[in-house]
Amino acid sequence: DTAVSQTPKYLVTQMGNDKSIKCEQNLGHDTMYWYKQDSKKFLKIMFSYNNKELIINETVPNRFSPKSPDKAHLNLHINSLELGDSAVYFCASSQRSVRTEAFFGQGTRLTVV
Amino acid sequence: AQSVTQLDSQVPVFEEAPVELRCNYSSSVSVYLFWYVQYPNQGLQLLLKYLSGSTLVESINGFEAEFNKSQTSFHLRKPSVHISDTAEYFCAVHSGGYQKVTFGTGTKLQVIP
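Residues numbered from 1 in each chain as written. Chains lettered and ligands numbered in written order. Predicted model: local features only at pLDDT ≥ 70, side-chain atom pairs only at ≥ 80, totals over all residues. Heavy atoms only, no water.

Undergrad: With reference to specific residues and values, describe the pattern of salt bridges.
TA: All names here are of chain B. Throughout the structure, instances matching the rule amount to nine salt bridges over all chains. Across the salt bridge formed by arginine 77 and glutamate 20, the nearest N and O atoms sit 3.7 Å from each other. Residue arginine 77 is found in strand β9 (residues 73-78), and its partner glutamate 20 is found in strand β3 (residues 19-21); the two are separated by 57 residues along the sequence. Salt-bridge contacts for glutamate 66 lead to arginine 77; the nearest nitrogen and oxygen are separated by 3.3 Å. With glutamate 66 in strand β8 (residues 64-68) and arginine 77 in strand β9, this pair connects stretches of sequence that are eleven residues apart. Among the ionic contacts, a cluster of salt bridges with common partners joins Glu20, Glu64, Glu66 and Arg77. (Salt bridge = Lys/Arg side-chain N within 4 Å of Asp/Glu carboxyl O. Helix = DSSP H or I, 4+ residues; strand = E, 2+ residues; numbered from the N terminus.)

Structure follows, in structure tokens:
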């Protein structure tokens, strides 16, 4: 029973397209995140939601729009995809406490051609 | 502001040899320190964490890390590595009211048979 699941696992698309990545967690956590991992494995937070409220919004192009219909789901929509958007995107969740770890999904490898 | 430095991007080591992966952090507030491991084509998962108390913390698979406040370090060690330990290791600092998590750039541990 997967704790944090995201779909799709692989996504290949052309420049200019719009795509979405879905994320769901069944851990009962209040906080969810989107991270971007580049080709050098550098991990950068993009967004953080707590109980459907946007908490962290790092410097991310406004082509990226997160949506949280409820606290168990956090989807990521990307408009007008660019080559530089190619990366692995990870969804994660945690309890609302700095003392607890984050639980990560398996990642979505996005390739823009 | 907080930051995490992992000086070694890659660490090759022979099987059954000891290994140390270095992590240094800086923060103006109290922090909680974590090590995550990422196996190939997977998401990150918690390896161990330091919250308070004993400065030496251990994982279930033989890794340990020691919190050194004076040197602002949280190095990860294992006395004898196995092939299955080949992975990317990330040091992370958790602080702030809304679980601000800062990851290091990762260290790739390559265990050589």
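Undergrad: Tell me about the sheet that holds strand β7 (residues 64-70) of chain A, residues and numbers included.
TA: All names here are of chain A. Strand order in this open sheet of four strands is β1-β3-β8-β7, and the pairing throughout is antiparallel. Among the strands making up the open sheet, the edge pair consists of β1 (4-7) and β7. On average, each strand axis in the sheet is inclined to that of its neighbour by 20 degrees, with strand direction left out of account. In the sheet, β7 pairs with strand β8 (residues 73-78) via five bridges, with the strands oriented antiparallel. From the neighbouring strand, proline 66 faces β8, where its bridge partner is leucine 76. (Pairing = 2+ DSSP bridges. Axes fitted to C-alpha atoms, helices over the stretch in contact; angles between N-to-C directions.)

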